[in-house]
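Spelled out, the chains give:
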Amino acid sequence: MRTKLLASLAAALLFAGAALAQEPIKIGAFLSVTGGAAFLGDPEQKTLELYVEKLNAAGGVLGRKLQLVSYDSAGDAEKARTFAKRLIEQDKVDVLVGGSTTGETMAVVPLAEAAGIPFISLAGAVVIIEPVKKWVFKTPHTDRMACERIFLDMRDRKIERIGLISGSGGFDKSMRAECLKVAPTYKMQIVADEAYGAGDTDMTAQLAKIKNTAGVQAVLNAGFGAGPAIVTKNFRQLAMNMPLYQSHGVASKEFIKLAGSAAEGVRLPAAAVLVAEQLPADDKQRPVAVAYMKAYEARYKQEISTFGGHAHDGLMLVVEAMKKAKSTDKAKVRDAIEATKGYIGTGGVVNMTPADHMGLDLTHFRMLEVRNGNWVPVK
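An account of the accompanying structure is given in this report. (Residues numbered from 1 in each chain as written. Predicted model: local features only at pLDDT ≥ 70, side-chain atom pairs only at ≥ 80, totals over all residues. Heavy atoms only, no water.)

As a further point, take the environment of Asp361. When you line up the elements, Asp361 lands in the loop between strand 12 (349-351) and strand 13 (366-371). Setting aside residues up to four positions removed in sequence, Asp361 forms contacts with His141 and Met145. A polar contact is formed between the side chain of Asp361 and the side chain of Thr363, at a distance of 2.3 Å. (Helix = DSSP H or I, 4+ residues; strand = E, 2+ residues; numbered from the N terminus. Contact = heavy atoms within 4.5 Å. Polar contact = N/O pair within 3.5 Å; in protein donor to acceptor, adjacent residues only side chain to side chain.)

Put into structure tokens, the structure is as follows:
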């Protein structure tokens, strides 16, 4: 009788183990697929769908299939919080990859921290990772790094006095603040500082003030969405004979389409993926960037953006961490993400530490310029 009982117990445990092995690994996502930030969330959603499918076709992860559980937060911070709560408590996801905007991300940070679930944000502001939060990571370069990269390029062009213009969103305000902080380090003088609202359709008045400021040599727009395209058009209409810089928040072909011919000559910092096929043959990012570009464009018949690349890197960082940890245990996966070294993604080579939950440096933030309607690396 005892032997039969032990045999039955062993069989039950074996069955339970097999059943667990077949349970999918759940990737939870909340993204701005629609609304004003759809240019961010739409390619992110498509990228996650594409690569979950590709990973599953290759056998999954740890012998298990991936399941993407995704909600459209439409750029709304409160919706993001509601969906993240559902993902954690009802859907029982293993990780969170999402937060197209800084506002959405910051609304979810307390939930991820309280639940003890790895969360990789796809948004730009430095506040997401500074100060360091135990369970929170991010893939895009920060707004502070954008300011620094732009100021380095300005310094090369002998520019010292600049006019700043920014929107009213969370990213815009954060980047403006970061640019003001680091300007003295790069010997930059902010001689004009103008702002526009989320629904504004004409920034001529603000730009005219900058144009009429004595000694201004260039304009920097800290913003994303439709605002920068309007700023660019108004800038050309006012015949402002000076360089115009935008943030990495508009690093997609969509910005060039919206701004039209006015975009010619605009510079901004961006990930290498935007110029994948223009990278040198020995650039270690080229194979990854080209592979992503070809896979995405073949599937969706659309040009890539850096934003979809952020989602690619976020998912792959999670997958690599699970493989390294040989587990989906949340604490082990968190530790493995934090220990990431030498991961080559679309955004750069990632080397994380307990003090750095992004792991990117300025060397992989490329300065690009619009020439003949396309992005071209600045030599």
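A few words on the pattern of salt bridges. Taken as a whole and assessed by the stated rule, the structure comprises 16 salt bridges. Residue Glu89 is joined to Lys85 by a salt bridge in which the shortest nitrogen-to-oxygen separation is 3.0 Å. Linking Glu89 with Lys85, this pair stays in helix 3 (residues 77-89), spanning four residues, or about one helical turn. Residue class for Glu89 comes out partly exposed when judged on its relative accessible area of 45%. Exposure remark for Lys85: the relative accessible area of 40% places this residue in the partly exposed category. Notably, a salt bridge pairs Lys323 with Glu320, separated by 3.9 Å at the nearest N-O pair. Taken together, the residues span about one helical turn, with Lys323 and Glu320 both in helix 11 (residues 306-325) at a distance of three residues. Through salt bridges that share partners, Asp153, Arg157, Arg267, Glu369 and Arg371 make up one connected network. (Salt bridge = Lys/Arg side-chain N within 4 Å of Asp/Glu carboxyl O. Buried < 20%, exposed > 50% of the residue type's maximum accessible area, 1.4 Å probe, protein only.)

Moving on to helix 2 (residues 38-57). Its 20 residues place the ends of helix 2 28 Å apart at the C-alpha level, agreeing with the 28 Å of an ideal helix rising 1.5 Å per residue. Among the 20 residues in helix 2, 14 count as buried, and that is most of the element. Directly after helix 2, the chain includes Gly59, whose backbone phi takes a positive value near 110 degrees. (Expected span 1.5 Å × (residues − 1).)

Further remarks concern the packing of aromatic side chains. Within the structure shown, the criterion is met by 10 aromatic pairs. Here the aromatic rings of Phe255 and Trp375 are separated by 6.4 Å at their centres, their planes lie at 20 degrees, and the arrangement is stacked. Of this pair, Phe255 sits in helix 9 (residues 253-259) while Trp375 sits in strand 14 (residues 374-377), and the two are 120 residues apart along the sequence. Just as Phe255 is buried, Trp375 falls in that class too. Taken together, a centroid distance of 5.8 Å and an interplanar angle of 45 degrees make the contact between Tyr292 and Tyr296 tilted. In this pair, Tyr292 and Tyr296 are both assigned in helix 10 (residues 286-300), four residues apart and thus about one turn of the helix distant. Following the ring pairs from residue to residue traces out a cluster consisting of Phe39, Phe171, Phe224 and Phe307. One Lys or Arg, Arg86, reaches over the ring of Tyr71 and ends 5.0 Å from the middle of that ring. (Phe/Tyr/Trp six-rings, centres within 6.5 Å; stacked < 30°, edge-to-face > 60°. Lys NZ or Arg CZ within 6 Å of the ring centre and 35° of its normal.)

Here the focus is helix 7 (residues 204-211). Side chains that are three or four residues apart share a direction in an α-helix, a result of its 3.6 residues per turn. Taken residue by residue, helix 7 has Gln206, Leu207 and Ile210 as its buried positions. Seen along its axis, helix 7 keeps its buried residues to an arc of 95 degrees; they face one direction. Residues of helix 7 that are exposed and point more than 90 degrees away from the buried face comprise Ala205 and Lys209. For helix 7, the secondary structure elements touched by its buried residues are strand 6 (161-166), strand 7 (189-195), strand 8 (218-222) and helix 8 (227-237). (Arc of directions from axis to C-beta.)

Burial analysis of strand 1 (residues 25-31) places six of its seven residues in the buried class, the great majority of the element. In this structure, strand 1 lies alongside strand 2 (residues 66-72), joined through seven bridges in parallel fashion. In the sheet register, Leu31 faces strand 2, and the bridge partner there is Asp72. Taken together, strand 1, helix 2 and strand 2 constitute a β-α-β crossover, and its handedness is right-handed. For strand 1 and strand 3 (residues 95-98), the ladder comprises two bridges, and the chain directions are parallel. (Pairing = 2+ DSSP bridges. Right-handed = clockwise from strand over helix to strand, strands pointing away.)

This brings us to unusual backbone geometry. Of note, the bond from Glu130 into Pro131 is cis; its omega dihedral lies within 30 degrees of zero at 0 degrees. Looking at the secondary structure, you find Pro131 in the loop between strand 4 (119-121) and strand 5 (136-138). Positioned with a positive phi, Lys301 is a non-glycine residue whose angle comes to about 55 degrees. For Lys301, the location among the structural elements is in the loop between helix 10 and helix 11. Here Lys326, not a glycine, exhibits a phi torsion of approximately 55 degrees, which is positive. Within the secondary structure layout, Lys326 lies in the loop between helix 11 and helix 12 (330-338). By relative accessible area, which is 72% here, Lys326 ends up exposed.

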